[in-house]
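Descriptive structure summary
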Amino acid sequence: MRKIIIAGNWKMNMLFPEVEEFLFELSDELEGKDLNSVDVIVCPPSPYLEITSDIANDSKFYVGAQNINENNNGAYTGEISAAMLKSMELTYCIIGHSERRKYFSESDEMVNAKLKKLHENCIVPIVCIGETLEQREQGITKKIILSQLDGAFKDIKINNNVVIAYEPIWAIGTGKTATPQQAQEIHAIIRKWLEESYKKDIAENVSILYGGSMKPENVKELLLQSDIDGGLIGGASLDVSKFSKMIEIAVEL
Ligand code: PGA
């Protein structure tokens, strides 16, 4: 059975003094919770990965990075590698986020190369895909999603070692969430693609998260959909009480 995943993507937010306070508060919130059916992940900016890992070691959440470079090591000023994350014993890494695709020209080929590097280093990729508003209005959402999946997973073998996040770009940071039905429709397409590209049991085991203005008010309805296995949460993950509330709602489902 798939566990629910509640993942916070801090993006380029938070200052160092706030990080410790947030994480200790989160740890306190998680302390008394039964997390048998829910995994909590925090993805901070890279300067805070170490302190986040240190605090996570004594708590009940996992840590993920927000991006890696697809090369092993070398003269790539400002970049971080999958091997670095492995050496810090991190569990997850987001790749292919729409903001990286938009502002840093990240292509499906690059996402594919990053996915390979993460697998080589035993880190679980959280692969983001999603359509723009224009593409949705043109009625080509399914085509876009399938081509992003084909590109990201080219020549990749998977077991249980991948998470997919469907994030409609028009819903990210806009306050405009996809309706549970709109999200479920795409999640079902992604699961069918997994079944056709791999196997039924793989399709049944891979977690597919929804992302895009998820918040305490809409998390329950989204998580009740049969193919929505959790959330990748931006804005609402920066407020520890909102993030904890969403975890609490997931635990109670
Ligand atoms: P949002 O961001 O929750 O602020 O819409 C989600 C994401 O981009 O991962």
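Residues numbered from 1 in each chain as written. Predicted model: local features only at pLDDT ≥ 70, side-chain atom pairs only at ≥ 80, totals over all residues. Heavy atoms only, no water.

Digging into the site of the ligand
Around the ligand sit 13 residues in total, of which Lys11, His97, Glu167, Gly173 and Ser213 are the nearest. One of the side-chain nitrogen or oxygen atoms of Asn9 is found 3.4 Å away from an oxygen atom of the ligand. Side-chain polar atom of Lys11 to an oxygen atom of the ligand: 2.7 Å apart, as the coordinates give it. Isolated, the ligand exposes 280 Å² of accessible area, and the fraction of that covered by the protein chains is 95%. When its residues are assigned to classes, the shell around the ligand shows four nonpolar, seven polar and two charged. (Near = heavy atom within 4 Å. Polar contact = N/O pair within 3.5 Å; in protein donor to acceptor, adjacent residues only side chain to side chain. Areas by Shrake-Rupley, 256 points an atom, 1.4 Å probe, with all protein chains shown as cover. Nonpolar A, V, L, I, M, F, W, Y, C, P; charged D, E, K, R; others polar.)

Some thoughts on the state of the cysteines
Tallied over the entire structure, the rule returns zero disulfides. Cysteine Cys93 is unpaired, with the sulfur of Cys43 as its nearest cysteine sulfur at 7.9 Å. Left unpaired, Cys122 is separated from the closest cysteine sulfur, that of Cys93, by 14 Å. (Disulfide = S-S within 2.5 Å.)

So, the packing of aromatic side chains
If you walk through the whole model with that rule in mind, you get six aromatic pairs. An angle of 35° between the planes, with centres 6.1 Å apart, marks the rings of Phe16 and Tyr48 as tilted. Linking Phe16 in helix α1 (residues 16-31) with Tyr48 in the loop between β2 (38-43) and α2 (49-57), this pair joins segments that are 32 residues apart in sequence. Judged by relative accessible area, Tyr48 falls into the buried class, the value being 11%. Members of the aromatic cluster, joined through ring pairs, are Phe153, Trp193 and Tyr198. Sitting over the ring of Phe104, Arg100 keeps its end group 4.2 Å from the ring centre. (Phe/Tyr/Trp six-rings, centres within 6.5 Å; stacked < 30°, edge-to-face > 60°. Helix = DSSP H or I, 4+ residues; strand = E, 2+ residues; numbered from the N terminus. Buried < 20%, exposed > 50% of the residue type's maximum accessible area, 1.4 Å probe, protein only. Lys NZ or Arg CZ within 6 Å of the ring centre and 35° of its normal.)

Quick notes on the pattern of salt bridges
Taken as a whole, this structure holds 14 salt bridges when the rule is applied. A salt bridge links Asp227 to Arg191, with the shortest nitrogen-to-oxygen separation between them at 2.5 Å. Of this pair, Asp227 sits in the loop between α10 (219-223) and β8 (230-233) while Arg191 is found in helix α8 (residues 180-197), placing the two residues 36 residues apart along the sequence. Judged by relative accessible area, Asp227 falls into the buried class, the value being 12%. (Salt bridge = Lys/Arg side-chain N within 4 Å of Asp/Glu carboxyl O.)

Digging into the nonpolar core
Counting residues in each nonpolar core, the largest one holds 70 residues, and the members touching the most others are Phe61 and Phe153. Other than its neighbours up to four places away in sequence, Phe153 contacts Asn112, Leu115, Val127, Ile158, Val162, Ile164, Trp193 and Tyr198. Counting residues in each nonpolar core, the second largest holds 13 residues, with Ile5, Ala7, Cys128 and Leu209 among its members. (Core = buried A, V, L, I, M, F, W, Y, C linked by side-chain atoms within 4.5 Å. Contact = heavy atoms within 4.5 Å.)

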